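Structural features, examined
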Amino acid sequence: MDWLAMLQFAIGATTVLGVGVWLLYFTVIRPAITRQNLQSLGETSMSTPEEAQMLTAFRVLPKERKLIAIKLIEALI
């Protein structure tokens, strides 16, 4: 038995499977979860559809831009 070849194959197979699962997660699973979360947010009982649309827009913003957007809205009110 060639232990070194078996070890190399195991490391290679693990690497290929790991990269495959990582790609699957970031290209299929994560976007589906995000869409489902945004859809469930839109289905919650809001007083107006504009509020739901605004909350959905805020959830996808990065943290720094959220803070800027909140300050702008507070300045408008």
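Residues numbered from 1 in each chain as written. Predicted model: local features only at pLDDT ≥ 70, side-chain atom pairs only at ≥ 80, totals over all residues. Heavy atoms only, no water.

Comments concerning the overall build of the protein
A count of helices and strands for the protein gives three helices and zero strands. In sequence order, the secondary structure elements of the protein are arranged as α-α-α. Per-residue burial for the protein yields a buried fraction of 5% across its 77 residues. Element-wise, carbon and sulfur atoms account for 69% of the exposed surface of the protein, whose accessible area totals about 6900 Å². (Helix = DSSP H or I, 4+ residues; strand = E, 2+ residues; numbered from the N terminus. Buried < 20%, exposed > 50% of the residue type's maximum accessible area, 1.4 Å probe, protein only. Areas by Shrake-Rupley, 256 points an atom, 1.4 Å probe, with all protein chains shown as cover.)

Considering the confidence of the model for the protein
Averaged over every residue, the pLDDT of the protein is 81; residues scoring 70 or more account for 83%. When pLDDT is averaged over each element of the protein, helix α1 (residues 3–43) comes out on top at 89 and helix α2 (residues 49–59) at the bottom at 70. (pLDDT = per-residue confidence, 0-100.)

Section: a nonpolar patch on the surface
Among the surface-exposed residues, Val19, Trp22, Leu23, Leu24, Tyr25, Phe26, Val28, Ile29 and Ile33 lie close enough to one another that they form a single nonpolar patch of about 810 Å² accessible area. Within the secondary structure, leucine 23 is located in helix α1. (Patch = residues over 30% accessible without salt bridge, like charges linked within 9 Å, V, L, I, M, F, W, Y side chains within 5 Å. Salt bridge = Lys/Arg side-chain N within 4 Å of Asp/Glu carboxyl O.)

Comments concerning helix α3 (residues 63–76)
Under the 1.5 Å per step criterion, the end-to-end length of α3 is 20 Å for 14 residues, consistent within 8% with the ideal 20 Å. With one of its 14 residues buried, α3 lies for the most part at the surface. (Expected span 1.5 Å × (residues − 1).)

Structural notes on the packing of aromatic side chains
All told, the structure shown has two aromatic pairs when counted by the stated rule. Plain terms: the ring middles of tyrosine 25 and phenylalanine 26 are 4.9 Å apart, the flat faces sit at 80° to each other, and that makes the pair edge-to-face. (Phe/Tyr/Trp six-rings, centres within 6.5 Å; stacked < 30°, edge-to-face > 60°.)

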